[in-house]
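# Report on the structure
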Amino acid sequence: MFSSNEKISGRQAFRLLVFDLLGLGTLLIPAAVAGFCGRDGIFCIIVGTVLGLLFLRLLVYAVGDMQGSFAEYTEKMCGTFFGKTIQAGYFLYLMLLAGYTAYLFSVTVLNNLLRGESFYLVLVLILGLVWYGLLSGIEGRARVYELLFWFILIPLFIMLASALDEVKTDYWNPVFFTGKRDFFAGSYYVFICSSLIFLILFLGGYLRKRESLMKVGRLALIFTGCLEAGLYLILLGVFGGAALSDMQTPAITLMSTIKITGGFLKRADAFMFGIWFFTLYALLNSAVFYAEMLLNGLYHAKKRQALWKKWERAAVFAAVFGVAVLLYNSKENTVLYEKFLWYIGTPFLVLVPVVLAIIRCAGQRKKHLRSGAVICVLLGLMGLSGCATAELEERNFPIEMAVSDMEQFDREWLNADESGNRMVDYSHMKVILLDQKFLEDAQNMDAFLEILEKKSDVPRNTYLAVAEDAEAVLKLQKNMEESVGTYLEDYFENVSEIKKTAYPTLGMLYQEQENKMETLFIPYVEEVDQKPAVTKYYVWKRGEAEGMLDSQTALLSFFTQNQKEEYALTLADGVDVRLFAPHNQVVFSQTKEKQIIAEISCSGEILYEKPGWRQKLQSEYGQNLKSGDIKKMLEKELEDYFQQTAQKVEVDCANSYKKLGGQRRDWYLLYQKQPEQYEKDMEIIYRVKVDWVNMGE
């Protein structure tokens, strides 16, 4: 049997606080600190979390003598007038926090689950759910979150682990480039989110063991701080600092970027949105609950009529609704709220416990059923599809797109819903084929990418390919048993020896528009045996179309970057070799000479020897020629081959530009100002070391 004494355990309190802290922190912190500090944002998260822990220690000391509720404690310590003034300040903060959370919650639902629905309808539904959740009291809600805690977080950990393959650690460098002012601003922003730990003041009255207050708060802050830091590193490694700072909800965007093998979950962002649904719901619930509690204590007697309680609750919800609507209708109001947090709200949260600590120092001298219903309702809403509100039979699901010019793109794709009675749903898009002329038109490409990113209907993990005539490639479907989009996606993910993470996606092009750090190779598709085939590659250099590249050079680039598992080639003397299991690295010379050194370290085998090859070598170098000498000759020939292949074109075959910040800060600063000069100045040098498996002694 469960008790009904409005008391919760330390474990329940920890999980309540984690849910309260996690929603806003994981949604807002990554983009904000990336804007302030870029790659140094991770240090802001660490400093902000440490400040939060110090703030928690202050809070716990300030209320060390508290026996009843926090409202009663403030009146006891400061007198009735000042005590109620403090309560009014917290009430105002909580009301604005609840309104902002409701606004962010509703907008996030609209952007990720119910596109095209009314903001007001979604807001009313959310507030109605919060009202129902409050009927269970804090004990009932604590049981809900206790049950859901790992069901929510384990999928998050799995998705973050899946994203590790797409993390580019070069995006983490260089560090320590941020000015003091920006660093302090970023750290303060993290502290603003961490300062929500002040909710422990109101939660403490419900703990069975008051002495566990500090332990519960500390664990919650450390847990969320570590999760935010890990999430930030992943987001920074996937998107890059510049692109990350321009995103609204990068954590949810990350879920749409992850490619899950098999294609059974194309839009992971819609599925994983449940994480933020629960965390934002928890924070909104807590803010409204504590605001109502403060309002009850501000001017009411202890014995209140039930009818009057309902009117109080209605007033609180009406105020939350009003704040959310004001924030939605005007961006300026959102900016004003942010300024309130920076200059009034957060300083108030810090000042009150300081005052209480000084005073204390001077002085020393049917709830279970409702809980189950809430779980069912929340799980039902978590399962909402990301395909808007039309029924499945009323939607079209295009899986490929051919774009030849902006007029055709506007007619066939932007206004596709107006051409028939069925809604067009792009959430299952696999491949976008671009005409070569369209790709080379910088103005059109900028407009195309801007429109798609803004609409966000097409998944970010959609592959890109180029063709001379994209429409003609799509017409090859008549010769195939499957669509061109499905055929190419299967080739990229399952057939090609190149890792699927190396093939450019729509999200990669979005990021490079901002980051301008990488050289990407977009597959060029032509008809071969009446089927589409990748015959060469188009270079997309730091956010701009650069030109065509032959397949031989592109494959060498993929192999150099460890993106290709094996590489077969024929050397000048007629020997066929296969290189495999690469663990290569790219470094920069530490001298004045501007050289990129590609260190190729892999296994290899001889596939074919031209008859008389070894005898010829022995006649040239002597009968005592050993296998070790032959290995060195082959490695020298490989170095020459790689060198000649890479120098045929003025392309960064090692994709080394993104590594500058981590290895040569002086060159990084130089080429940030003149990036177009990089390939002209740098010389790539190959050094090859092969572990031959069939050479013999």
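Residues numbered from 1 in each chain as written. Predicted model: local features only at pLDDT ≥ 70, side-chain atom pairs only at ≥ 80, totals over all residues. Heavy atoms only, no water.

Another aspect to go through is the overall build of the chain. Looking only at helices and strands, one finds 27 helices and 13 strands in the chain. The buried share among the 697 residues of the chain stands at 55%. Accessible area for the chain stands at about 31100 Å²; split by element, carbon and sulfur atoms hold 56% of it. (Helix = DSSP H or I, 4+ residues; strand = E, 2+ residues; numbered from the N terminus. Buried < 20%, exposed > 50% of the residue type's maximum accessible area, 1.4 Å probe, protein only. Areas by Shrake-Rupley, 256 points an atom, 1.4 Å probe, with all protein chains shown as cover.)

In this section: the nonpolar core. Of all hydrophobic cores here, the largest spans 136 residues; its most connected members are Tyr90, Leu94, Phe198, Leu254 and Leu284. If one sorts the elements of this core by residue count, helix H12 (residues 268–299) sits on top with 17 residues. Apart from residues lying up to four places away in sequence, Leu94 is in contact with Phe198, Leu199, Phe202, Ala287, Tyr290, Ala291 and Leu294. Among the nonpolar cores identified, the runner-up in size contains 37 residues, and Val575, Cys602, Phe642 and Tyr678 belong to it. (Core = buried A, V, L, I, M, F, W, Y, C linked by side-chain atoms within 4.5 Å. Contact = heavy atoms within 4.5 Å.)

The next thing to look at is the packing of aromatic side chains. Following the criterion strictly, the structure yields 49 aromatic pairs and no others. Taking the centre distance of 6.0 Å and the plane angle of 50 degrees together, the rings of Phe36 and Trp342 count as tilted. With Phe36 in helix H1 (residues 10–37) and Trp342 in helix H14 (residues 331–364), this residue pair connects regions lying 306 residues apart in the sequence. Judged by relative accessible area, which is 21%, Trp342 ranks as partly exposed. Ring geometry for Phe277 versus Phe278: centroids 6.0 Å apart, planes at 80 degrees, classification edge-to-face. (Phe/Tyr/Trp six-rings, centres within 6.5 Å; stacked < 30°, edge-to-face > 60°.)

Turning our eyes to something else, we now look at the environment of Leu221. Note that Leu221 resides in helix H9 (residues 213–239). Taking the C-alpha atoms as reference points, Leu221 and Ile197, separated by 24 residues in sequence, lie 7.6 Å from one another. Every residue in contact with Leu221, bar those within four places of it in the chain, is listed here: Leu21, Thr49, Gly52, Leu53, Leu56, Ser194 and Ile197.

Bringing helix H21 (residues 506–515) into the picture now. Burial analysis of H21 places nine of its ten residues in the buried class, the great majority of the element. Those residues of H21 lying buried are Leu506, Gly507, Met508, Leu509, Tyr510, Gln511, Glu512, Gln513 and Asn515.

What follows deals with helix H6 (residues 137–163). Its 27 residues give H6 an end-to-end C-alpha distance of 38 Å, which sits within 8% of 39 Å, the value for a rise of 1.5 Å per residue. Largest kink in H6: about 45 degrees, centred on Leu148. (Expected span 1.5 Å × (residues − 1). Bend = angle between axes of the 7 residues up to and from the residue.)

Okay, the packing of H1 against H9 next. At a minimum axis separation of 8 Å, H1 and H9 run at an interaxial angle of 30 degrees. Comparing their axes, H9 and H1 come out roughly parallel. When the axes of H1 and H9 are compared, the crossing they make is right-handed. Grouping the amino acids of the contact of H1 with H9 by side-chain chemistry returns 19 nonpolar, five polar and one charged. (Axes fitted to C-alpha atoms, helices over the stretch in contact; angles between N-to-C directions. Parallel < 35°, antiparallel > 145°, perpendicular 65-115°, else oblique. Left-handed = near helix turned anticlockwise from the far one by under 90°. Nonpolar A, V, L, I, M, F, W, Y, C, P; charged D, E, K, R; others polar.)

A separate point is the packing of helix H4 (residues 80–112) against helix H5 (residues 119–134). Contact geometry of H4 with H5 gives a least axis separation of 9 Å together with a crossing angle of 120 degrees. Viewed along their axes, H4 and H5 adopt a mutual orientation that is oblique. Here H4 runs over H5; the crossing is right-handed. Of the residues in H5, those touching H4 at Ala102, Tyr103, Phe105, Ser106, Val107, Val109 and Leu110 are Phe119, Val122, Leu123, Ile126 and Leu127.

Time to look at the environment of Gln87. Along the chain, Gln87 falls in helix H4. Separated by twelve residues in sequence, Gln87 and Glu75 place their C-alpha atoms 9.1 Å apart. Leave out the neighbours within four places in its chain, and Gln87 touches Ala71, Thr74, Glu75, Leu294, Gly297 and Leu298. A polar contact of 3.2 Å, which involves the side chain of Gln87, links it to the backbone oxygen of Ala71. (Polar contact = N/O pair within 3.5 Å; in protein donor to acceptor, adjacent residues only side chain to side chain.)

This part covers the pairing of strand S9 (residues 566–570). Because side chains alternate across S9, one face comprises the buried residues Tyr567 and Leu569, and the other comprises Glu566, Ala568 and Thr570, none of which is buried. Examined bridge by bridge, S9 and strand S10 (residues 576–580) share five bridges and lie antiparallel to one another. Each residue of the ladder has a partner; that of Glu566, found in S10, is Phe580. (Pairing = 2+ DSSP bridges.)

Moving on: unusual backbone geometry. Going from Asn173 to Pro174, the amide bond is cis rather than trans, its omega being -5 degrees. With phi around 60 degrees, Asn562 is a residue other than glycine that occupies positive phi space. Along the chain, Asn562 turns up in the loop between helix H22 (551–560) and S9. Classification of Asn562 as partly exposed rests on a relative accessible area of 22%. The phi angle at Asn655 is positive, at roughly 50 degrees, despite the residue not being glycine. Looking at where Asn655 falls in the secondary structure, it is placed in the loop between helix H24 (627–646) and helix H25 (660–663).

Tracing the sequence through the fold places Ser187 in helix H7 (residues 180–194). Ignoring anything within four residues of it in the chain, the contact list for Ser187 reads Cys44, Val47 and Gly48.

A few words now on the pattern of salt bridges. Applying the stated criterion across every chain yields a total of 16 salt bridges. One connected set of salt bridges, linked through shared partners, spans Lys541, Arg542, Glu546 and Glu679. (Salt bridge = Lys/Arg side-chain N within 4 Å of Asp/Glu carboxyl O.)

The next subject is a negative patch on the surface. A cluster of acidic residues, Asp246, Asp446, Glu450, Glu453, Glu514 and Glu544, forms a negative patch on the protein surface. Here the negative patch takes three residues from helix H18 (residues 442–455), the largest share from any one element. If you trace the backbone, Glu450 turns up in helix H18. (Patch = residues over 30% accessible without salt bridge, like charges linked within 9 Å, V, L, I, M, F, W, Y side chains within 5 Å. Lys, Arg positive; Asp, Glu negative; His and termini not counted. Charge placed at Lys NZ, Arg CZ, Asp CG, Glu CD.)

The next thing to look at is the confidence of the model for the chain. Considering every residue of the chain, the mean pLDDT works out to 84; 87% of them sit at 70 or more. For residues 303–307, every residue scores under 50 in pLDDT, and the model assigns this stretch three contacts once sequence neighbours within four places are set aside. Confidence drops under pLDDT 50 across residues 365–389; counting only partners more than four residues distant or on other chains, this segment forms 53 contacts. (pLDDT = per-residue confidence, 0-100.)

Glancing now at the environment of Val323. Looking at the secondary structure, you find Val323 in helix H13 (residues 306–329). Measuring from C-alpha to C-alpha, the distance between Val323 and Leu96 comes to 6.7 Å, with 227 residues separating the pair along the chain. If sequence neighbours within four positions are ignored, Val323 has contacts with Leu96, Gly99 and Tyr100.

Among the five residues of S10, four are classified as buried, and the element is accordingly described as predominantly covered. Between S9 and S10, which pair antiparallel one after the other, the connecting turn spans five residues, and Gly574 there sits at a positive phi close to 85 degrees. Note: S10 against strand S12 (residues 595–608), five bridges, orientation antiparallel. From the neighbouring strand, Phe580 faces S12, where its bridge partner is Ser603.

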